[in-house]
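Observations on the three-dimensional arrangement
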Amino acid sequence: MARSESLLIHDFLKADRTLTCERMTNPIARICSAKFGYNMTRMPNFVNHNDQRAASLHFEGFQRLLASQCSQELAFLLCSYIFPPCSATQSNLIVTPCRGLCQRVRDNCSQTLDSHGLTWPQQFRCERLQTAWTVETTDMGFVGCANSQPANTMNSSAVTFASQPLCPSRTCKAVPLNKKTFKKRKFDFAIEAEYTESSIVDGQKVLQVRVISPLHFCGTAPEGVVVNATVLIHTDAADLCSCPELEQRRSYLFTGYQVAGRLQLSTRRSLAMEVTRRKQRRRATKYMKKFCRTESIAA
C-alpha cells in the first residue's frame with residue numbers, strides 16, 4: 001500500500017510514547033461505550049491526549065456541533081478519534097476511522113461551522129486517513145479503518161448510531177435575570193468569568209473559570225477570587241453533560257452560593273448566563289446589593 005493511502009501511527013502518535021489499551025472509565029468515554037458497543041480505548045489517542053480526562057474536555061468542545069445534528073455520523077467520528085477502540089488481546093491492532101466517513105461528516109457540518117465562524121478542526125485531517133478498511137503490518141503493529149464501525153471491536157448494534165446529541169437530551173430551563181429571581185433565590189455571589197473546562201470531582205461536576213470581574217459578594221469573597229485568577233465553581237451535577245451547556249473561552253455571569261468557603265452552583269436555582277451586554281453586569285450587581293443573602297450555608 002502506498003504511503004499516501006495509509007495512516008501510520010507515527011502521523012498521530014509520537015514514537016517514544018507507550019500505547020495503553022484501557023477500560024473506559026470517564027463519564028464521556030462511557031457514553032461512547034454505551035452508544036457504540038465497546039469498552040476499551042487506546043491512550044494516547046489520535047489527537048495526542050494522554051488520558052481520558054483530557055480527552056473528555058476536548059470532546060466537550062463539540063457539544064454545540066453535536067446538538068446541531070449536522071451529521072448522524074459526527075458522534076461516531078468523534079468517539080473514533082478521541083476514544084479510539086482497542087483490543088486488550090490484540091495490543092498491536094490500531095483501528096482508525098476511514099477517510100470517507102471523515103469527509104462526509106466534514107461536508108455535512110461545514111455550513112453549521114461557517115455559521116459560527118469556525119473551521120473544520122485541524123486535528124481531524126480527513127486526507128490523512130485510509131480510503132477503505134485494511135489491516136497493514138508496520139514496524140509498530142497494525143493500521144485499520146472502518147467506514148461504519150471499527151472492525152473486530154464493536155458489535156452489530158454499533159452501526160445504528162443515533163441522530164440525537166451524544167449527551168442525553170435535556171431542556172435547560174433558563175433562569176431569568178430579573179428582580180424576582182434575585183429576591184426569591186437570594187444568591188450570595190455574582191461573578192463574570194470565562195469558562196475554561198469541567199471535570200468530575202468526588203462524583204460532582206466542577207467548573208474551572210477565569211475571573212473577569214467579581215461583581216458582588218455578600219460578605220467576604222473567598223481568597224483568590226480576583227480579576228484574571230483561575231477559580232473553581234462546584235455544582236450539584238453528577239455528569240459533564242448537565243445543564244447549563246457552557247462553551248469554552250466564552251464569558252458567563254454566574255450567581256450562586258458560598259458553601260463551606262467555596263463557590264457553589266445549584267442546577268435548579270443558580271444562574272449561568274452568557275454575557276453579551278454590559279447591562280447584564282449592571283443589573284446583576286444592582287440586584288445582588290439589594291437582595292443579598294445574610295445567613296451562611298453549612299457544608
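Rules of the game
Residues numbered from 1 in each chain as written. Predicted model: local features only at pLDDT ≥ 70, side-chain atom pairs only at ≥ 80, totals over all residues. Heavy atoms only, no water. Helix = DSSP H or I, 4+ residues; strand = E, 2+ residues; numbered from the N terminus. Buried < 20%, exposed > 50% of the residue type's maximum accessible area, 1.4 Å probe, protein only. Contact = heavy atoms within 4.5 Å. Areas by Shrake-Rupley, 256 points an atom, 1.4 Å probe, with all protein chains shown as cover. Phe/Tyr/Trp six-rings, centres within 6.5 Å; stacked < 30°, edge-to-face > 60°. 1 Å grid on protein atoms, 1.4 Å probe; cavity = no way out; pocket = protein on both sides within 12 Å on 5 of 7 lines; lining within 4 Å. Points joined across faces, edges and corners; volume = space filled by probe spheres on them. Nonpolar A, V, L, I, M, F, W, Y, C, P; charged D, E, K, R; others polar. Salt bridge = Lys/Arg side-chain N within 4 Å of Asp/Glu carboxyl O. pLDDT = per-residue confidence, 0-100. Axes fitted to C-alpha atoms, helices over the stretch in contact; angles between N-to-C directions. Parallel < 35°, antiparallel > 145°, perpendicular 65-115°, else oblique. Left-handed = near helix turned anticlockwise from the far one by under 90°. Core = buried A, V, L, I, M, F, W, Y, C linked by side-chain atoms within 4.5 Å.

Turning our attention to the overall build of the protein. Looking only at helices and strands, the protein features seven helices and 11 strands. By the burial criterion, 49% of the 299 residues in the protein qualify as buried. Taking the contacts inside the protein whose residues are at least 6 apart along the sequence as the reference set, 71% of them involve residues at least 24 apart. On the protein, roughly 14800 Å² of surface is accessible, and the fraction owed to carbon and sulfur atoms is 47%.

Before going further, it helps to spend a moment on the packing of aromatic side chains. Taken as a whole and assessed by the stated rule, the structure comprises nine aromatic pairs. Taking the centre distance of 6.1 Å and the plane angle of 65° together, the rings of Trp120 and Phe124 count as edge-to-face. Each member of the pair, Trp120 as well as Phe124, is classed as buried. Arranged with centres 5.3 Å apart and planes meeting at 85°, the rings of Phe182 and Phe187 form a pair that is edge-to-face. Across this residue pair, the class does not change: Phe182 and Phe187 are buried. A connected cluster of aromatic rings, assembled from ring pairs, spans Phe62, Tyr81, Trp120 and Phe124.

With that out of the way, let us pick up the layout of surface pockets. Roughly 540 Å³ of internal volume is contained in the second largest pocket. Taken together, 21 residues line the second largest pocket, and the ones lying closest to its centre are Gly61, Phe62, Leu118, Glu247 and Arg249. In terms of residues, the lining of the second largest pocket owes the most to one element, helix α3 (residues 63–68), which gives four residues. The class makeup of the residues in the lining of the second largest pocket is six nonpolar, nine polar and six charged.

This brings us to the side chain of His216. Inspection of the secondary structure assignment puts His216 in strand β7 (residues 204–217). Non-local contacts of His216, meaning those with residues more than four positions away in its chain, are made with Asp188, Phe189, Ala190, Met288, Lys289 and Cys292.

Under the definition given, this model contains five salt bridges. Across the pair Asp107 and Arg106 runs a salt bridge whose closest N-O atoms are separated by 3.7 Å. Exposure remark for Arg106: the relative accessible area of 27% places this residue in the partly exposed category. The shortest N-O distance in the salt bridge between Glu274 and Arg250 comes to 2.9 Å. Of the two residues, Glu274 sits in strand β11 (residues 271–274) while Arg250 sits in the loop between β8 (230–235) and β9 (251–259), which places them 24 residues apart along the sequence.

In an α-helix, one turn spans 3.6 residues; hence positions three or four apart end up facing the same way. Burial runs high along helix α4 (residues 74–82): nine of the nine residues are buried. Within the span of α4, buried status applies to Leu74, Ala75, Phe76, Leu77, Leu78, Cys79, Ser80, Tyr81 and Ile82.

Relative to the elements of secondary structure, Glu127 occurs in the loop between α5 (99–115) and β4 (136–138). According to the relative accessible area criterion, Glu127 is partly exposed, its value standing at 47%. As for Glu127 and Arg99, which are separated by 28 residues in sequence, their C-alpha atoms are 6.5 Å apart. Not counting the four nearest positions on each side in its chain, Glu127 is found in contact with Arg99 and Arg106.

Parts of the prediction with low pLDDT should not have their coordinates interpreted in detail. For the protein, the average pLDDT comes to 76, and 73% of its residues sit at 70 or higher. Segment residues 1–16 is flagged for pLDDT under 50; beyond a separation of four residues in sequence, or across chains, it makes 42 contacts in the model. Across residues 133–144, confidence stays below pLDDT 50; counting only partners more than four residues off in sequence or on other chains, it has 39 contacts.

This next bit is on the packing of α4 against α5. Contact pair α4 / α5: the axes reach a minimum separation of 10 Å and the direction vectors enclose 130°. Judged on the interaxial angle alone, α5 and α4 are oblique. Our pair here, α4 against α5, has a crossing hand that is left-handed. Judged by residue contacts, Leu74, Phe76, Leu77 and Tyr81 of α4 engage Leu101, Cys102, Val105 and Cys109 from α5.

What follows concerns the nonpolar core. Counting 34 residues, the largest nonpolar core has Phe59, Ile82 and Phe83 as its most contacted members. For this core, the elements supplying multiple residues, two or more each, are α1 (27–36), α2 (52–60), α3, α4 and α5. Residue contributions to this core peak at eight residues, all from α4. One finds Ile191, Val225, Ile233 and Leu265 within the second-largest nonpolar core, a separate group that totals 17 residues.

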